[in-house]
Amino acid sequence: MSSNIEIIARPLALHERVRTWRTQGLRVALVPTMGNLHKGHATLVARAREHADRVVVSIFVNPLQFGPSEDFNSYPRTPQEDRALLDEYRADLLFAPGVEDMYPPLAAPHTVVHVPELSEILCGAVRPGHFIGVATVVAKLFNMVQPDVALFCDKDYQQLAIIKRMATDLSMPLQVIGVATVREADGLAMSSRNRYLTAEQRRLAPRIYAALSKVGQELKQGRRDYLSLEQMAIAELEQSGFKTDYASIRDADDLQPPTENSRKLVVLTAARLGRARLIDNVQVDIS
Ligand code: PAF
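What counts and how
- Residues numbered from 1 in each chain as written.
- Predicted model: local features only at pLDDT ≥ 70, side-chain atom pairs only at ≥ 80, totals over all residues.
- Heavy atoms only, no water.
- Helix = DSSP H or I, 4+ residues; strand = E, 2+ residues; numbered from the N terminus.
- Buried < 20%, exposed > 50% of the residue type's maximum accessible area, 1.4 Å probe, protein only.
- Contact = heavy atoms within 4.5 Å.
- Near = heavy atom within 4 Å.
- Polar contact = N/O pair within 3.5 Å; in protein donor to acceptor, adjacent residues only side chain to side chain.
- Areas by Shrake-Rupley, 256 points an atom, 1.4 Å probe, with all protein chains shown as cover.
- Nonpolar A, V, L, I, M, F, W, Y, C, P; charged D, E, K, R; others polar.
- Axes fitted to C-alpha atoms, helices over the stretch in contact; angles between N-to-C directions.
- Parallel < 35°, antiparallel > 145°, perpendicular 65-115°, else oblique.
- Left-handed = near helix turned anticlockwise from the far one by under 90°.

Draft legend 1. Up close: the side chain of N194. Here N194 lies in the loop between strand 6 (175-179) and helix 8 (199-204). N194 gets classed as buried once you look at its relative accessible area, which sits at 14%. Leave out the neighbours within four places in its chain, and N194 touches L188, A189 and L278.

Draft legend 2. Quick look at the site of the ligand. Residues in close proximity to the ligand include P32, T33, M34, Q65, V137, F152 and Q159, which together make up its full environment. Contact between the ligand and Q65: an oxygen atom at 2.6 Å from a side-chain N or O atom of the residue. Within the side chain of Q159, one N or O atom sits 2.7 Å away from an oxygen atom of the ligand. Taking 290 Å² as the accessible area of the ligand by itself, protein coverage stands at 87%. Partitioned by chemical class, the residues of the shell around the ligand number four nonpolar, three polar and no charged.

Draft legend 3. Region of interest: the packing of helix 9 (residues 207-220) against helix 10 (residues 226-239). Between helix 9 and helix 10, whose axes approach to 10 Å, the crossing angle comes to 160°. Relative to helix 10, helix 9 is oriented roughly antiparallel. The element helix 9 and its partner helix 10 pack so that their crossing is right-handed. Taken together, the residues of helix 10 that come into contact with helix 9 (itself represented by R207, I208, A211, K214, V215, E218 and L219) are Y226, L229, M232, A233, E236 and L237. Taken together, the residues of the contact of helix 9 with helix 10 break down into nine nonpolar, no polar and four charged.

Draft legend 4. Here's a closer look at helix 3 (residues 79-89). Here helix 3 has its buried residues at D82, A84, L86 and Y89. Contact partners of the buried residues in helix 3: helix 2 (39-51), strand 3 (54-59) and strand 4 (93-95). One or two steps after helix 3, the chain reaches R90, where phi turns positive at roughly 65°.

Draft legend 5. Focus on unusual backbone geometry. Here the phi dihedral of N36 falls at roughly 50°; this positive angle occurs in a residue that is not glycine. Along the chain, N36 turns up in the loop between strand 2 (28-33) and helix 2. On the accessibility criterion, N36 (5% relative accessible area) is buried. Backbone geometry places L122, a non-glycine residue, at a positive phi of 50°. Inspection of the secondary structure puts L122 in the loop between helix 4 (99-102) and helix 5 (123-126).

Draft legend 6. Representation of the environment of I249. Here I249 shows up in strand 7 (residues 243-251). Exposure remark for I249: the relative accessible area of 2% places this residue in the buried category. Between the C-alpha atom of I249 and that of S287, which follows or precedes it by 38 residues, the distance is 16 Å. Contact partners of I249, with chain neighbours within four places excluded, come to V215, L219, Y226, L229, E230, P257, P258, L265, V266 and V267.

This is the structure in structure tokens:
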């Protein structure tokens, strides 16, 4: 598969390229990814195009956000297909650094970015250090690209909340935008980790979205017995063979347990099916 997209691996070369665009008065968008691109990423690039004149997509499987027993080594890497897709999506530049470009050996032990509290709950409670890895690499990408706007998928709701908080707390001069999750026809949220599912697991996987949507509907109809709704979702998923890390109803703004003032809620889950750990969420307006 051949590709035409400009590819840069070195941060300094990237910086120069983006600076040239800036002197031409062009707005720059960044779509950070770990590659293995799918239609969800196509939507992110299309939305980025609405906000900027140039769209940079980064592909970097970030070792810092994987725990020792997690899937860093086996995470799907499909560089040739990704390049061809980025041509098709009409991205302008692919930034594809190596581990040594992002984390030069001289920098160990290096500075990290920790967004407190938000990083320790939900997925953070199950994956200690994960969100430090995410916030650190995203901060580095923001510094390297210096985009006007950066776009992330809503599927990783907690990640998006943490990145927004980091950008605010550290006065980063850019806009962080969440883009609605792209789903398969049967409701399964698109994700690179769907590749880990066997045919039978793939058949069961949409039950995650179904369970979350059911809770969402109950909330819309006025139920506020959060604990039993969470337990209902967990029981449904476990009956289908999932191992649920959590299913939780939170205030959509701060990811804390809802209060009587909460107007927007989010129902989130992380559930394991075979090798795949799948996450998803449904947002509910109860005002
Ligand atoms: O969501 C992802 O793919 C990653 O966590 C991100 C934001 C690219 C950071 O490595």
